[in-house]
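Chain residues, written in single-letter form:
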Amino acid sequence: MTTDNIATNLDELTMKLERNHRQVLHLIKKLCSYRYEPKNYDCYIKLRDLQKGFKDLASDQMQLFDKIQQHGVNATEAKQLMDEAATRFIVLEKLMAQYILDINGY
């Protein structure tokens with residue numbers, strides 16, 4: 001693999017990471033709105049866990065972004081870390097959907 005290919009792969013991963021990070025920040029903002037206030041104690045616990053999960057994911061994404069920018073990670077390792085972050089995002093997204101159903105009484 002040439003350095004041009006590695007740089008291109010890292011640029012693509014960086015753009016994907018930025019896009020995913022914007023989605024995570026958007027969901028964090030939504031969870032903090034009054035529209036998603038918990039209706040009972042169980043929902044309060046779920047909301048707290050969701051907020052913490054999304055904030056931890058956002059923090060991990062920023063650390064990965066810093067590693068990529070400082071060239072402290074190769075393209076293969078960056079892709080693996082991004083796949084792990086994407087998996088965490090999917091799980092949190094499903095939990096958020098369940099939480100919304102819970103607070104709306106469905």
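Here, every reference points to the structure presented above.
Before going into details, it helps to say that this report is about the structure given with it. These figures come from a predicted structure and were not determined experimentally.

What follows deals with helix α2 (residues 41-69). Helix length check: α2 (29 residues) gives 42 Å between terminal C-alpha atoms against 42 Å at 1.5 Å per residue, within 8%. The N-cap residue of α2 is Asn40: its side-chain oxygen and the backbone nitrogen of Asp42 are 3.2 Å apart. His71 sits one or two positions beyond α2 and adopts a positive phi of about 55°.

Within the element layout of this structure, Leu50 appears in helix α2. Linking Leu50 and Phe65, residues 15 residues apart in sequence, is a C-alpha distance of 22 Å. Residues in contact with Leu50, not counting those within four places in the same chain, are Leu31, Leu92, Leu95, Met96 and Tyr99.

Moving on to the packing of aromatic side chains. Using the criterion set out here, one finds two aromatic pairs in the structure. Seen in terms of ring centroids, Phe54 and Phe89 are 6.4 Å apart; in terms of plane orientation they differ by 70°. Their pairing is edge-to-face. Of this pair, Phe54 sits in helix α2 while Phe89 is found in helix α3 (residues 75-103), placing the two residues 35 residues apart along the sequence. On the basis of relative accessible area, Phe89 is assigned to the buried category, the value being 12%.

Once that is clear, we can look at α3. Between its first and last C-alpha, α3 extends 41 Å over 29 residues, near the 42 Å set by a 1.5 Å rise per residue. Ala75, Ala78, Met82, Ala85, Phe89, Leu92, Met96, Tyr99 and Ile103 are the residues of α3 that are buried. Immediately downstream of α3, the backbone of Gly105 shows phi near 75°, a positive value.

The rules behind the values
Residues numbered from 1 in each chain as written. Predicted model: local features only at pLDDT ≥ 70, side-chain atom pairs only at ≥ 80, totals over all residues. Heavy atoms only, no water. Helix = DSSP H or I, 4+ residues; strand = E, 2+ residues; numbered from the N terminus. Expected span 1.5 Å × (residues − 1). Polar contact = N/O pair within 3.5 Å; in protein donor to acceptor, adjacent residues only side chain to side chain. Contact = heavy atoms within 4.5 Å. Phe/Tyr/Trp six-rings, centres within 6.5 Å; stacked < 30°, edge-to-face > 60°. Buried < 20%, exposed > 50% of the residue type's maximum accessible area, 1.4 Å probe, protein only.

Function cannot be inferred from these measures alone, as they are strictly geometric.
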